[in-house]
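Descriptive structure summary
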Amino acid sequence: MVTFEKLYETIKAVATRFPKVEEHVDGFGHTSFRVKDKPFVILGEDKEHPSLSIKTLKSTQELLIQQPGYRKSAYIGQHGWTTFPLEEVDWDEVADYLLEAYYRAAPKRLHEQVQINRK
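If you're wondering where the values come from, they're calculated on a predicted model, not measured in any experiment. (Residues numbered from 1 in each chain as written. Predicted model: local features only at pLDDT ≥ 70, side-chain atom pairs only at ≥ 80, totals over all residues. Heavy atoms only, no water.)

Some words on the pattern of salt bridges
A side chain with one charge can pair with a side chain of the opposite charge if their charged atoms come near. Just so we agree on the cut-off: Any Lys or Arg side-chain nitrogen found within 4 Å of a carboxyl oxygen on Asp or Glu counts as a salt bridge. Exposure is judged per residue with a 1.4 Å probe applied to protein chains only, and the accessible area is read against the type maximum: over 50% gives exposed, under 20% gives buried, and values in between give partly exposed.
In the structure shown here, the tally under the stated rule is two salt bridges. Where R34 meets D37, a salt bridge forms, and the shortest distance between an N and an O atom there is 3.3 Å. For R34, a relative accessible area of 17% gives the class buried. Owing to a relative accessible area of 59%, D37 belongs among the exposed residues under this scheme.

Right under this line is the structure:
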């Protein structure tokens, strides 16, 4: 299982590569990364059992939740949010979904400014 600190640092490193991304912590302790005040990834507040929810297409969500560990996110799952398993994380896969989520949230004028850099 990934610690909250590892999850936070990894997601922040990817999300903040995209233009105009801001970090936000809500009143419930959820950390989100947003573009133009639209969240595209949310980290759960429980430090002992962190969670990772990414805004996906509903069709992508349906495919993912057929796999072990993936599920519709509580309260926002009907809008395409998917909670990812954190037992064995494929960070490259997560980065791909973050990029897709960013493109869905960001204005089109920012799309061309995205530079994809993989370690």
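Some thoughts on the pairing of strand β4 (residues 52–55)
Inclusion rule: In short, DSSP must find at least two bridges between two strands for them to pair. Every helix listed is a DSSP run of H or I at least four residues long, and every strand listed is a run of E at least two residues long, numbered separately from the N terminus.
Two strands pair when backbone bridges link them, and strand β3 (residues 38–43) and β4 are joined in this way by three bridges, in the antiparallel orientation. Paired with I42 across the strands is S53, a residue of β4. As paired elements, β4 and strand β6 (residues 81–84) share four bridges and run antiparallel to each other. Residue pairing in the sheet places K55 in a bridge with W81 of β6.

Brief notes about the pairing of strand β1 (residues 21–25)
Here β1 pairs with strand β2 (residues 31–35) via five bridges, running antiparallel. Among the inter-strand pairings, E23 is bridged to a residue of β2, identified as F33. Here β1 folds back onto β2 in antiparallel fashion, the turn holding five residues, of which G29 has a positive phi close to 90°.

Considerations on the packing of aromatic side chains
Any two aromatic rings considered together are summarised by their centre-to-centre distance and by the angle between their planes. Selection rule: Only centres within 6.5 Å qualify two rings of Phe, Tyr or Trp (six-membered ring in Trp) as a pair; their planes then separate them into stacked at under 30 degrees, edge-to-face at over 60, and tilted for everything else.
The final tally for this structure, using the stated rule, is eight aromatic pairs. On the basis of an interplanar angle of 35° and a centroid distance of 4.8 Å, the ring pair of F18 and Y102 is categorised as tilted. Of this pair, F18 sits in the loop between α1 (4–15) and β1 while Y102 sits in helix α3 (residues 91–105), and the two are 84 residues apart along the sequence. Of the two residues examined, F18 and Y102, each falls in the buried class. When the ring of F40 is compared with that of Y102, the centres are 5.6 Å apart and the planes differ by 80°; the resulting orientation is edge-to-face. Highlighted residues: F40 in strand β3 and Y102 in helix α3, separated in sequence by 62 residues. Each member of the pair F40 and Y102 is classed as buried. Counting every residue linked through ring pairs, the aromatic cluster contains F18, F40, Y102 and Y103.

So, α1
This is how it is decided: Each residue after the first adds 1.5 Å to the expected span of a helix. It only takes one pair of heavy atoms within 4.5 Å for two residues to be counted as in contact.
Relative to the 16 Å expected for 12 residues at 1.5 Å per residue, α1 spans 16 Å between its end C-alpha atoms, a close match to the ideal helical length. Restricting attention to buried positions, one finds in α1 the residues F4, L7, Y8, T10, I11, V14 and A15. In this structure, the buried residues of α1 make contact with β1, β2, β3, β4 and α3.

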